[in-house]
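Chains, contacts and geometry: an overview
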Amino acid sequence: MRKDGALWALGAMSGTSLDGVDAAMVRTDGLTIEAFGPSAYRPYTPEEQEAIRAALGRWPGDPAVAAAAEVVETAHAELLSRFTGAEVLGFHGQTLAHDPQGRGTHQCGNGALLAQVLDLPTVWDFRTSDVAMGGQGAPLAPFFHFALARHIGATEPLAFLNLGGVGNLTWIDPAAPGPEAEGALLAFDTGPANAPLNDLLRARLGQSHDHDGALAAAGEADEAFVASVLRDPWFDAPPPKSLDRNDFAGLIDRLEMLPDADAAATLAAVAAASVAAGQIHFPAPVSRILVTGGGRLNPVLMAELRRRIPAAIDPVEAVGLNGDMLEAQAFAFLAVRVLRKLATSAPGTTGAPTLVGGGQISRPDP
Ligand SMILES: Nc1ncnc2c1ncn2[C@@H]1O[C@H](COP(=O)(O)OP(=O)(O)OP(=O)(O)O)[C@@H](O)[C@H]1O
Ligand SMILES: CC(=O)N[C@H]1[C@@H]2OC[C@@H](O2)[C@@H](O)[C@@H]1O[C@H](C)C(=O)O
């Protein structure tokens, strides 16, 4: 790689929804996006998903973690070997436990092993050093969001919202000199997004998720319940802040009295209300929020966002981006930043006291 040259990076993300692995290629120098390349998805089988679910909240040393890591490595090796032309891999792995103020953060899957199997320099373990420095270790997509804002020609403050298992939002001032500049970015996890909804559908109906929001659309949100959830001090607490997938898992037990459709509508409303509550933290209002992640495909969730937030709420497809692959692209982009020794987080994104360059680099044997 020329010191300042662009290269084709492959990124892979196994998110908190536990549905599967996303992979996508980006041509970048770690500053700007030159081109988007091919992408692919590999769902986990029900057995694989069960092995991962059994390891949630557990830490290295636990046999369940080793079993989950094997599943994650195998699924990635299978999916990533379909790609050609990549010069570096950014491998996020699967977050099993996230406790930045306590035991740390842990993404399972061995990047050194993938480097050998795929014969590709691999950047991985993106979050540990940020947490070691006193940051939240999440969210890490914001530096990519900044590059995207420039890529789409934004000139006014805007936000990217990712609705995965957990929600996370990045407020961006695209006029800032760069993502490292003070005031360029403010990012935080907004609250639970799809995870409680998925858990509800799984527990009550044996389904993986509320497809196209069909169940929620047939119900009515319990606004008193939504308001009671939003009274949790977590929502008013200023950023930095990040969540573990199961931090709000108890919500579904509290909804026991509601019929299925009303419970689903209520959880969609909680996800949207969490985002709306996050607006108090914005350094300046935004006129547009671009939504990525699976939640953008849930019309009830999108309608709830539009009802609660006085800004245009559009899926990222409205500006020509791919909302299924944006996080995989983010880790491709971040891999190149790590190779180039550029920062991957900042006080405004994870609360780290200074700029942090995360990630380990593993190279295949010559
Ligand atoms: N057509 C759809 N209708 C409703 N919900 C959907 C649809 N497609 C996806 N989803 C929701 O989006 C989830 C997947 O989202 P995504 O892939 O963005 O999450 P993730 O990357 O695993 O999570 P995270 O961003 O938290 O790491 C699914 O589990 C489901 O809840
Ligand atoms: C610890 C962890 O894996 N966090 C994820 C999770 O999923 C969404 C939200 O919570 C976000 O903070 C983060 O992922 C995205 C990719 C990020 O780091 O930007």
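Under an unreviewed UniProt entry, the name given to the protein is Anhydro-N-acetylmuramic acid kinase, and the organism recorded is Tabrizicola soli. The UniProt entry for the protein carries this comment under Catalytic activity (unreviewed entry): "1,6-anhydro-N-acetyl-beta-muramate + ATP + H2O = N-acetyl-D-muramate 6-phosphate + ADP + H(+)". According to UniProt, the comment filed for the protein under the heading Function (unreviewed entry) is "Catalyzes the specific phosphorylation of 1,6-anhydro-N-acetylmuramic acid (anhMurNAc) with the simultaneous cleavage of the 1,6-anhydro ring, generating MurNAc-6-P. Is required for the utilization of anhMurNAc either imported from the medium or derived from its own cell wall murein, and thus plays a role in cell wall recycling."

1. Observations regarding the sheet that holds strand 9 (residues 185-192)
Taken together, five strands build an open sheet; the order of strands is 9-8-7-10-11 and the sheet is mixed. Two strands bound the open sheet, and with one partner strand each, they are strand 9 and strand 11 (312-315). Neighbour to neighbour, the strand axes of the sheet diverge by 20° on average, direction disregarded. Pairing geometry for strand 7 (residues 158-163) and strand 8 (residues 166-172), over six bridges, is antiparallel. Looking at strand 8, one finds that phenylalanine 160 is bridged to threonine 170. Helix-sheet contacts for helix 5 (residues 142-151) involve strand 7, strand 8 and strand 9, and the interaxial angle to strand 8 is about 50°.

2. A look at the packing of aromatic side chains
Geometrically, a pair of aromatic rings is defined through the distance of the ring centres and the angle of the planes. Under the criterion given, the structure shown has five aromatic pairs. Each ring, one from phenylalanine 126 and one from phenylalanine 331, has its centre 5.1 Å from the other, and the planes form 70°; the classification is edge-to-face. With phenylalanine 126 in the loop between strand 6 (122-124) and helix 4 (128-132) and phenylalanine 331 in helix 13 (residues 326-339), this pair connects stretches of sequence that are 205 residues apart. Judged by its relative accessible area of 3%, phenylalanine 126 is buried.

3. Section: the site of ligand 1
Among the 22 residues in the neighbourhood of ligand 1, the closest are listed as Thr16, Gly165, Asn198, Asp212 and Gly294. Within the backbone of leucine 297, an N or O atom sits 3.5 Å from a nitrogen atom of ligand 1. Contacts to ligand 1 include glutamate 327, whose side-chain N or O atom sits 3.1 Å from an oxygen atom. Elements with a minimum of two residues in the shell around ligand 1: strand 7 and helix 6 (194-205).

4. Regarding unusual backbone geometry
Here the bond from alanine 138 into proline 139 is cis, since omega is -10°, no more than 30 degrees from zero. Positionally, proline 139 belongs in the loop between helix 4 and helix 5. At the junction of proline 239 and proline 240, the peptide bond is cis and its omega measures out at 5° in the coordinates. For aspartate 125, which is not glycine, the phi dihedral falls at a positive 55°. Positionally, aspartate 125 belongs in the loop between strand 6 and helix 4. Backbone geometry places aspartate 212, a non-glycine residue, at a positive phi of 55°. Mapping aspartate 212 onto the fold places it in the loop between helix 6 and helix 7 (214-217).

5. Considerations on the site of ligand 2
Around ligand 2, the surrounding shell holds 16 residues, and the nearest of these are Thr95, Arg127, Leu140, Ala141 and Asp189. Here an oxygen atom of ligand 2 sits 2.8 Å away from a polar atom, N or O, in the side chain of arginine 127. Take the shell around ligand 2: its biggest share by element is three residues, from strand 4 (residues 88-99). Here the shell around ligand 2 is composed, by residue class, of seven nonpolar, six polar and three charged. Residue contributions to the shell around ligand 2 reach at least three from each of two domains, namely domain 1 (7-137 + 332-343 + 352-362) and domain 2 (153-319).

6. Looking at the pattern of salt bridges
A full pass over the atoms with the stated rule returns 16 salt bridges. Salt-bridge contacts for arginine 307 lead to glutamate 223; the nearest nitrogen and oxygen are separated by 3.0 Å. Taken together, the residues arginine 307 in helix 12 (residues 299-308) and glutamate 223 in helix 8 (residues 223-230) connect sequence positions 84 residues apart. The class of arginine 307 is exposed, set by a relative accessible area of 55%. Its salt-bridge partner being glutamate 317, residue arginine 296 comes within 2.9 Å of it at the nearest N-O pair. Taken as a pair, arginine 296 in the loop between strand 10 (288-292) and helix 12 and glutamate 317 in the loop between strand 11 and helix 13 lie far apart in primary sequence, 21 residues in all. On the accessibility criterion, arginine 296 (8% relative accessible area) is buried. Taken together, the shared-partner salt bridges connect Glu223, Glu304, Arg307 and Arg308 into one network.

Quick notes on the rules
Residues numbered from 1 in each chain as written. Chains lettered and ligands numbered in written order. Predicted model: local features only at pLDDT ≥ 70, side-chain atom pairs only at ≥ 80, totals over all residues. Heavy atoms only, no water. UniProt positions renumbered as here; feature names shortened; annotations may be inferred. Pairing = 2+ DSSP bridges. Helix = DSSP H or I, 4+ residues; strand = E, 2+ residues; numbered from the N terminus. Axes fitted to C-alpha atoms, helices over the stretch in contact; angles between N-to-C directions. Contact = heavy atoms within 4.5 Å. Phe/Tyr/Trp six-rings, centres within 6.5 Å; stacked < 30°, edge-to-face > 60°. Buried < 20%, exposed > 50% of the residue type's maximum accessible area, 1.4 Å probe, protein only. Near = heavy atom within 4 Å. Polar contact = N/O pair within 3.5 Å; in protein donor to acceptor, adjacent residues only side chain to side chain. Nonpolar A, V, L, I, M, F, W, Y, C, P; charged D, E, K, R; others polar. Domains from an automatic or database assignment. Salt bridge = Lys/Arg side-chain N within 4 Å of Asp/Glu carboxyl O.

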